[in-house]
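# Structural overview
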Amino acid sequence: MKKSLILPLLLFALAGFCQTPPSSTTSLKTLIYSQIVPGLTGSVSALKLRTVLNAVSEAIPATPTLSGILYEKYNWVSLADFVDSSSSATVVGGAIRFSNGNGGWKKALGIAQPRMQDHWIMEADVIPGPVSDTLQAVGFGPNSSSDVYARSLAVWINLSTIYTPGGLYLASISNGIPTELAQSASGLPAFAEGDSLHVTLQRDGVSLFATVVNRSNPSPPVSVSYTYSLQYGAAEIAPNTGRFSVFNVAGSPKLIGLKITSQEPKNAALMVIGDSKTVVYAGTQENRYGVLLGQKFRPTIIHGGASDDTGQILRSIQDIISLAPKEATISIGTNDFYKGRSVSATFANYANIVAQLTAANIRVVHLLPFYEESAYTANLLALKALIQSTYAGADIIDCWTPMSRNPPVYLSGDGLHPSPAGHTLIYETILNSGKIRATYNPDPTPTPAPTSGSGSMTQYAYLFVAPGASNMGGFTPIEQASVTELSERTGVQIINGSSSLFAPSHVGVNNYPGLRYMDATHFGIELQLANRVAAGSFRDAPVFLVKCGQGGATFPEWQKGGTFWNNMVAKVDTAKKQIRAQGKVPVVVFVTDLGFNDGIAGYTSTQLKDSLTSFKTRLREQFGFVPILFTEYARGGTVDTFNPPMREVVAGDSYMFLVSSLGLSVDAGGVHFTYGSMKTLTDRIIDTTLQKVGEREAYLINALQSLGAKP
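Here's what I pulled together on the structure shown here. (Residues numbered from 1 in each chain as written. Predicted model: local features only at pLDDT ≥ 70, side-chain atom pairs only at ≥ 80, totals over all residues. Heavy atoms only, no water.)

Turning our eyes to something else, we now look at the overall build of the chain. Looking only at helices and strands, the chain features 21 helices and 29 strands. Intrachain contacts of the chain at a sequence separation of at least 6 include 74% that bridge at least 24 residues. If you sum the accessible surface of the chain, you get close to 25600 Å²; carbon and sulfur atoms cover 53% of it. (Helix = DSSP H or I, 4+ residues; strand = E, 2+ residues; numbered from the N terminus. Contact = heavy atoms within 4.5 Å. Areas by Shrake-Rupley, 256 points an atom, 1.4 Å probe, with all protein chains shown as cover.)

Structure (structure tokens):
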């Protein structure tokens with residue numbers, strides 16, 4: 001392996017493991033000198049490289065990776081995995097058979113461990129019983145474990161011939177009473193007793209998306225989606241802490257498979273624990289103080305459920321511990337008083353939570369109760385005093401006092417929940433306290449060009465490489481683009497399919513030449529990439545883009561030695577040389593959408609998985625252990641059926657990342673994203689890069705250079 005590839009490869013490997021600088025410089029120095037630096041002067045075998053990476057992973061704390069599979073089973077001998085809430089379920093031949101459903105939502109089987117997560121996928125394989133005009137239905141989703149304010153969520157499929165046969169329904173369930181959120185426009189065109197139906201429900205923050213496909217009688221999938229409002233007075237609210245469950249609604253369906261996957265990061269910098277005041281019911285997704293903190297301390301997990309209390313947090317404490325955040329802020333207790341719990345009992349629960357988190361090496365930062373004007377203000381003041389008298393001041397942040405200075409501004413109309421201005425105040429209070437120890441990513445500010453060895457963050461540059469098909473090439477119409485978006489953008493330097501030198505990105509001029517089927521009236525990720533650079537998302541790190549997506553491309557066209565492959569290799573090689581000539585180290589991130597054309601051509605799920613696995617292997621053989629972002633295909637249409645096998649490949653690779661297409665719209669062809677959705681997809685690519693690939697390259701570069709390794 002050439003010397004020029006070793007350092008970038010090492011940087012990626014280290015960035016994939018590094019969250020904070022190692023405590024022992026000597027051990028890292030020994031590691032680099034003994035195993036890495038000698039390899040810079042000669043070839044390094046794959047085995048030696050794996051040995052180095054293993055050693056590095058032990059020397060440096062783990063970076064966040066997705067939590068992954070929480071539960072997966074396709075054969076049962078008993079119901080021991082579940083908490084049985086009068087489900088009327090039995091195990092028959094390895095499957096779970098339901099019966100005696102009464103059309104309600106109180107009969108359920110729930111996975112034993114309660115959880116409160118914002119990002120997850122629940123998949124179930126169901127076989128209908130006799131299909132008739134008698135209601136048959138089964139539901140899936142988190143069933144609240146609250147003993148007072150139960151806020152549950154489910155998607156249920158109608159397995160009868162009444163209403164919309166084969167239709168999907170999203171429902172919010174409050175204390176066993178459902179309220180319909182959304183219904184699919186149509187149902188499965190044909191299904192019968194004994195068919196295998198695959199149902200998926202995904203939550204991505206405040207957005208829900210569900211699909212069902214008939215694996216026994218293939219047909220286009222049926223889908224439904226919904227987005228919760230976070231505005232004050234919203235009719236329906238997101239679920240609180242609960243168990244992933246199967247609801248026995250009616251009829252006699254069988255469950256033959258169940259898989260639950262968490263998309264929350266493990267080893268996050270920060271977790272924000274709370275209740276509806278943390279969720280925010282007086283603003284938008286972007287208003288939440290947890291989201292604002294997540295822009296500074298990456299990544300941040302929001303662990304908050306409406307009406308959650310200390311009891312609910314204790315029920316989900318093992319879920320929190322399993323995610324292993326470095327630090328956790330906690331603001332909880334208001335709902336305890338609404339439920340009649342005394343101050344002493346509430347604080348006993350609170351202290352139990354803190355003790356368990358501390359024992360798990362999760363540092364706890366206490367947010368004193370958020371000010372409110374209610375019948376329980378005195379209780380909150382008493383809880384506040386107990387926290388202040390029990391825990392060290394260095395671990396306490398006073399959010400009560402700042403909010404109390406101007407309640408009409410900082411509280412919403414109910415006098416309980418913080419307003420958007422209140423959330424901003426909470427965020428600023430936490431940030432300005434200086435008591436969060438996670439690595440802080442400050443706002444971008446102009447900095448002078450670095451001198452050699454200055455240690456500036458500008459010693460590295462992001463190089464996005466976008467091989468694949470038409471969405472990477474750029475097939476979104478420019479009609480809605482602004483004048484600025486269609487102008488020359490110096491923030492992103494681009495190489496297209498026919499150029500070999502970087503030039504400022506200019507949609508309609510240099511974003512399409514040399515790319516099959518692309519033209520001046522369409523764009524890809526370059527448009528929003530330039531917008532985000534202008535907004536300061538990358539701070540002072542330069543951003544470069546090699547566009548090589550080709551319209552109609554398939555996996556066979558991207559084989560080594562082919563025209564597309566050779567062109568990409570040449571472009572990336574010259575891109576790296578130009579970036580290094582500017583005194584920067586290229587941090588290469590690959591983004592691809594390959595596969596949907598192969599699926600349309602008839603590839604099976606196995607063929608799609610094998611092809612994507614082979615493609616990523618070829619990329620890493622060529623370019624080193626690079627991170628690879630895979631953008632999902634459009635939801636709800638034919639290409640959505642190709643997403644599950646690709647998700648499996650991504651889930652099995654710690655340095656591949658899934659970019660969700662949840663909630664995105666496409667053109668009439670069902671494949672290419674619309675103007676707003678392509679921008680959102682690009683935002684997700686950028687956020688995934690910044691939050692999950694890592695922003696520790698500057699430290700790594702400085703560490704290596706101080707030891708004599710030069711890029």
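For the rest of this paragraph, the subject is the packing of helix α16 (residues 563–581) against helix α18 (residues 605–623). Axis separation between α16 and α18 bottoms out at 12 Å; the angle between their running directions is 40 degrees. In this view, α16 runs oblique relative to α18, as classed from their interaxial angle. The way α16 lies across α18 gives a crossing that is right-handed. Facing Trp-565, Met-568, Val-569, Val-572 and Lys-576 of α16, the residues of α18 in contact are Phe-615, Arg-618, Leu-619, Gln-622 and Phe-623. Counted by class, the contact of α16 with α18 contains seven nonpolar, one polar and two charged residues. (Axes fitted to C-alpha atoms, helices over the stretch in contact; angles between N-to-C directions. Parallel < 35°, antiparallel > 145°, perpendicular 65-115°, else oblique. Left-handed = near helix turned anticlockwise from the far one by under 90°. Nonpolar A, V, L, I, M, F, W, Y, C, P; charged D, E, K, R; others polar.)

Turning our attention to the nonpolar core. Side chains of a nonpolar character, in soluble globular proteins, are inclined to be buried together. If you look at the biggest cluster of nonpolar residues, it comprises 75 residues, and the most contacted ones within it are Tyr-462, Leu-463, Phe-464, Val-465, Trp-558, Met-568 and Phe-590. Residues contacting Phe-464, with those up to four places away along its chain left out, are Leu-529, Phe-538, Val-543, Phe-544, Leu-545, Val-546, Val-589, Val-591, Ile-685 and Thr-689. In this structure, Leu-270, Leu-293, Ile-397 and Ile-426 belong to the second largest nonpolar core, which totals 49 residues. (Core = buried A, V, L, I, M, F, W, Y, C linked by side-chain atoms within 4.5 Å. Buried < 20%, exposed > 50% of the residue type's maximum accessible area, 1.4 Å probe, protein only.)

Before going further, it helps to spend a moment on the side chain of Ser-470. For Ser-470, the location among the structural elements is in helix α14 (residues 470–473). In contact with Ser-470, not counting residues within four places along its chain, are Phe-475, Met-518, Gln-550, Gly-551, Asp-593, Phe-596 and His-672.

What follows is about helix α13 (residues 420–433). In an α-helix, one full turn covers 3.6 residues, which means residues spaced three or four apart are oriented alike. With 14 residues, α13 should reach 20 Å at 1.5 Å per residue; the first-to-last C-alpha distance of 20 Å fits that figure. Within α13 the residues assigned to the buried category are Gly-422, His-423, Leu-425, Ile-426, Tyr-427, Thr-429 and Ile-430. With its phi angle positive at about 70 degrees, Gly-434 sits one or two positions after the end of α13. (Expected span 1.5 Å × (residues − 1).)

So, about the pairing of strand β28 (residues 628–631). Taking every second residue as pointing to the same face, both faces of β28 are buried, with Ile-628 and Phe-630 on one and Leu-629 and Thr-631 on the other. By the bridge criterion, three bridges tie strand β27 (residues 585–592) to β28 in an arrangement that is parallel. Counterpart to Phe-590 in the pairing with β28 is Ile-628. Remark: the β28/helix α19 (residues 643–651)/strand β29 (residues 656–659) crossover connection has right-handed handedness. (Pairing = 2+ DSSP bridges. Right-handed = clockwise from strand over helix to strand, strands pointing away.)

Below, the discussion takes up the sheet that holds strand β8 (residues 151–158). In spatial order, the strands read β2-β5-β14-β7-β8-β9-β10; together these seven strands make up an open sheet with antiparallel pairing. The open sheet has two free edges, formed respectively by β2 (82–85) and β10 (177–183), since each of these has just one partner strand. Within the sheet, the average angular offset between the axes of one strand and its neighbour, ignoring direction, is 25 degrees. Here strand β7 (residues 137–144) runs beside β8; their pairing, made up of four bridges, is antiparallel. Residue Ala-137 lies in a different strand from β8, and its bridge partner there is Asn-158.

Attention shifts here to the sheet that holds strand β18 (residues 327–330). Across the sheet, five strands lie side by side as β17-β16-β18-β19-β20; this open sheet has parallel pairing. A single partner strand is all that each edge strand has here, and the edge strands are β17 (300–304) and β20 (396–397). The pairing of strand β19 (residues 363–367) with β20 spans two bridges and is parallel. When the sheet's bridge partners are listed, Leu-367 is paired in β20 with Ile-397. The sheet strands contacting helix α9 (residues 343–359) are β16 (270–274), β18 and β19, and the helix crosses β19 at an angle near 150 degrees.

Our focus in this paragraph is the packing of aromatic side chains. Applying the stated criterion across every chain, the model contains 23 aromatic pairs. Here Tyr-289 and Phe-370 contribute two aromatic rings whose centre-to-centre distance is 5.6 Å and whose plane-to-plane angle is 90 degrees, an arrangement assigned as edge-to-face. Note that Tyr-289 is positioned in helix α5 (residues 289–294) and Phe-370 in the loop between β19 and α10 (377–390), a separation of 81 residues in sequence. A centroid spacing of 6.1 Å and a plane angle of 15 degrees characterise the contact between Phe-347 and Tyr-350, whose relative ring orientation is stacked. Taken together, the residues Phe-347 and Tyr-350, both in helix α9 and three residues apart, mark about one turn of the helix. We classify Phe-347 as buried; its relative accessible area is 12%. Residue Tyr-350 is classed as buried on the basis of its relative accessible area of 1%. Grouped by ring-pair contacts, the aromatic residues Phe-555, Trp-558, Phe-564, Trp-565 and Phe-615 constitute a single cluster. Its end group placed over the ring of Phe-209, Arg-635 keeps NZ or CZ at 5.1 Å from the ring centre. (Phe/Tyr/Trp six-rings, centres within 6.5 Å; stacked < 30°, edge-to-face > 60°. Lys NZ or Arg CZ within 6 Å of the ring centre and 35° of its normal.)

Coordinates in, geometry out; function isn't part of it.
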